[in-house]
Amino acid sequence: MSQHFPAFIIVIPLIAAFFIFTAGWLKRTYCFYIAAVALAISLFSSFGLLLQVLQNKVVVYHFGGWSPPWGIAYRVDYLNGIVLVVSAAIAFLNLIATKKSVEKEFIERVGPFYALYVLFVTGTMGIVVTGDAFNLYVLLEIASLTGYALIGMGTEHAALASLNYVFMGTIGASFYLLGIGYLYIATGSLNMFDIASILPNIFQSNVVLFAFVICLTGLFIKMALFPMHTWLPNAYTYSPSPAISLIAPLTTKVMVYVMIRILLSVFTPSFSFKSMAVNTSFVWLAVIAIVVGSILALSQQSLKRMLSYVMIAEIGYMVGGFWLANRAGITGAILHIINDAAMTLCVFLVAGNILYRVPGDSFDNLKGLFRKMPFSMGAFVVGALSIIGVPPTCGFFSKWYLITGGIAAGHYGFVAALLFSSLVNVVLFFRIFEIGYFEPFGDLHISGSMDEEEKTFDDAPLGMLVPLMIVAAGLIALGIYTDTLVTKVIQFAIPGGIS
Amino acid sequence: MVDLLTIIISKYNYWGYIVLMMIGLYAMIVKKNLVKKIIGMSIFQTAIIFFYVSIGMKKNATIPIISHGHDGGEHAVHAVDFINPLPHVLMLTAIVVSVATLGVALALAIKVYQQYNSLEEDEIDSQIKVK
Amino acid sequence: MKWFGFIAVFLCGSLFIYGTVEFPGWGDPLSPTSTHVSPYYIEKTMEDTSVPNIVTAVLADYRGYDTMFETAVIFSAGIACLFLLRQMKRKKTDFRLYRHTATGITFRIEKGGKLPPTAKEFERIDGLWTPYDLIIKTTGRFIIPFIQIFALYVIAHGHHSPGGGFQGGVILGASFVLFAISHDLRSALNRMSEKLTAFFYTLGVYIYAGTGALCILLGANFLDYSALATILFVDPVTARSHGILIVEIGVGIAVMAVMVILYYNLVSAGKFDEGL
């Protein structure tokens, strides 16, 4: 049975989505459990796959029994093996953690919500596991469509923000599709590794160059790299909290994975990193993203919006690290995909917990939260320290690799941007600590007397806290085991020729 | 001059898709009405579908359905006689994707209209600013 | 903004046109697209699957996994529309509206009033203005069965002529939409209720994914229809042909139902009354 793991990862959640939708009409409480079982199987299979990869290096699965250039094949290697496990774990933990707030926010829409949730996971995991360039587009659209719908059900201006996301997302995905079309014209194939074997003969053709530029533009829009980030802050701010703690960790990070996959496995480093000038200009683009993202984050007055801008800066870390085009930089980028996904999950889960108890997430509402919700805020501290980059949390180690890469490449602008962004993050998060720890709960001047009850302990329910604690512990564990992760997995994910 | 003419003759089909795509992109950038933007998005996606379909074309070839009969028996099939089926298959998928995107976009537009009573971006922006 | 947009688009377009210069000529039989992967499909489809329509064979067999996700995409779109728009609680009104079918006179019956005795002469309507036209209604009733038969033909004959699950499903869906337009939404919902539609589009995707899963249970890879030979009592090649037909039927059902549910939701903004 274990040879079918690549199919199980995707197909079990897909089939579960139909069951969930049907259960939504019959008995709503079942929806959650079906989703949990499906995602657990998916998580288990991706673990199994990673173990197989550690043993055999590459696992290939032929759908319909047709071999690659003619049929669709899944190909799991070190790079996507680890990303798969992380995405599956995030999807599962978030599902458990948000059970209560889904019940609160989507009373009558639980069935469709969980169906969309599971379909989103299907799409995202499919993007990671597939070895076919066109299949990736279809899965990308599944993940995007469900994402639009989940975001559209949020508060305030969610529908408008989601519609803008539809426009940007569709342009991005269409550009990707067009780029694949150019590659198809040049090579006649759609399988990533088949394309890679044909491309070296036609590297000088400008069709390939155009395919490269168009694909990359599409992916940059999809991953919200500055200046194509405009859809992200609104969409993430207004979206419902159980959905955003799924979408925020996965969408942009998976798109960075796709960029790495396309550039390393399809175009191969000898084409992608051919010209130093191009590499450097992409790093400078990332530097701008980091700096602008950090500065914009400083000017925000609510938690989720601030975190969205922090994420835009983080995208800059990964893109910049990758385009440093050396071993340390790419290791840092891949490591940061994993770490950033975990960190984002942690802080957005906390934001969800806060919104579960407090009416809004603007900074005024955070006053006195350390007394009211000590456990959630404890996890927030861990997540924040990780984003800042304090050892032994995982954020420190990926940043370390990125900085080492920057120094090795002689790109001191990138190093400076990383340090600047860390400083800004210190300011950002310590401001929140200060508000949460020192300022009393509620506004003294308006309410007159402080309500005794509101001061007391009122953390989120246990069902939401336990997964959050696991995530927070995971951040530290990821940090401690970074070395194992790099030597056992990530260093094999980077192809030979890169020093 | 002759070179340019051959280029035009052998590539004009691709230029058609580019013009369409740019019309869609222009609508999405410039128009302020959300439904017009959605229409632009649809044109944009359709242009890419045309692009793929025109890749599939092959001179002096027919549609990819092999002629067969109960009594005619099998005869050898040559790839040059039939156009490339793969882009058509891919575009069936892309058409469905674009229909699905259109459906979700329209649903969101209806939600926006219910909330702001308008589909003009300017009016919506002024409403947001007032609040 | 207008000029800026125009210039940006113009530059972008010129760049794209420059990018086509090194393309292989239009319809060139020696281009990579015509020589690398596609010849295999054209030359081997008959041997592998015994389906003369190569597009169908590639769609549902060689690249069947893509097509399964394509069905999943419209499934997601259906759920997404339902999730975004559907208003679960119906607004209760104090009165009900009925129309006398023969004369077209509308009755408004207040709460507590006596409802008309038979449904034959009166039909319930939702809004004071509900479109009603005898000619359109009759034409619709006359033409819909033919559309549906044609749709079923397109689905069933996808192996031999242009057609297949998607095309047939869309035509079938269009026939239901035509019914809803020529009559009204309430009578369309009486024929094809929301739950029935939801059942159909779940069923359609179940058929597809279930066939794939069945192949795993029979010991082959996912969607490898040749494994179905053991339960269909035919040789593996014919089993592929049958497998394609099964999934095409699933696709047809799913597409039909999603088209209908998209129409229902969009036209009434999720209220399921006469919204237009």
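For the structure itself, look to the data block above.
The model shown is predicted, which means the values in this text are computed figures rather than measured ones.

S.K.: I would appreciate a short explanation of the interface of chain B and chain A in the present structure.
M.R.: Reports of interface size often rely on the accessible area that becomes lost once the parts have come together. Between chain B and chain A, the residue contacts involve 36 residues of the former and 29 residues of the latter. In total, chain B and chain A occlude about 2,800 Å² of area from one another, counting both sides; carbon and sulfur atoms represent 81% of this. For the pair chain B and chain A, the interface holds zero salt bridges. Elements supplying a minimum of two residues to the side of chain B that touches chain A: α1 (2-30), α2 (34-55), α3 (86-116) and α4 (121-130) of chain B.

S.K.: I tried to follow the interface of chain C and chain A on my own but got confused; where do I start?
M.R.: Listed as interface residues are 52 residues of chain C and, on the opposing side, 63 residues of chain A. Between chain C and chain A, roughly 5,100 Å² of surface is buried when both sides are summed, and carbon and sulfur atoms account for 72% of that area. Counting across the chain C and chain A interface gives one salt bridge. Salt-bridge contacts for A:D132 lead to C:R63; the nearest nitrogen and oxygen are separated by 2.8 Å. Here chain C is connected to chain A by 13 residue pairs in polar contact (both at pLDDT 80 or more). Where the side of chain C that touches chain A is concerned, the elements lending two or more residues are α1 (2-19), α2 (32-35), α3 (38-49), α4 (54-62), α5 (64-85) and α9 (194-217) of chain C. Counting residues per element, the side of chain C that touches chain A draws most heavily on α5(C), which supplies 15 residues. Across the side of chain C that touches chain A, the residue classes tally to 33 nonpolar, seven polar and 12 charged.

S.K.: Explain the environment of A:S2 to me, please; I cannot follow it from the model alone.
M.R.: Tracing the sequence through the fold places A:S2 in the segment before α1 (5-26). For the pair formed by A:S2 and A:Q300, sequence separation is 298 residues and the distance between their alpha carbons is 49 Å.

S.K.: Looking at this structure, how should I read the sheet that holds strand β2 (residues 106-110) of chain C?
M.R.: In a beta sheet, neighbouring strands are held together by backbone hydrogen bonds and run either parallel or antiparallel to one another. All names here are of chain C. In spatial order, the strands read β2-β1-β3; together these three strands make up an open sheet with antiparallel pairing. Strands with a single pairing partner mark the edges of an open sheet, and in this sheet they are β2 and β3 (122-125). Here the average twist between neighbouring strands, direction ignored, is 35°. The pairing of strand β1 (residues 95-100) with β2 spans five bridges and is antiparallel. Across the sheet, the residue bridging to R99 is T106, located in β2.

About the criteria used
- Residues numbered from 1 in each chain as written.
- Chains lettered and ligands numbered in written order.
- Predicted model: local features only at pLDDT ≥ 70, side-chain atom pairs only at ≥ 80, totals over all residues.
- Heavy atoms only, no water.
- Contact = heavy atoms within 4.5 Å.
- Buried area = accessible area lost by both parts, 1.4 Å probe.
- Salt bridge = Lys/Arg side-chain N within 4 Å of Asp/Glu carboxyl O.
- Helix = DSSP H or I, 4+ residues; strand = E, 2+ residues; numbered from the N terminus.
- Polar contact = N/O pair within 3.5 Å; in protein donor to acceptor, adjacent residues only side chain to side chain.
- Nonpolar A, V, L, I, M, F, W, Y, C, P; charged D, E, K, R; others polar.
- Pairing = 2+ DSSP bridges.
- Axes fitted to C-alpha atoms, helices over the stretch in contact; angles between N-to-C directions.

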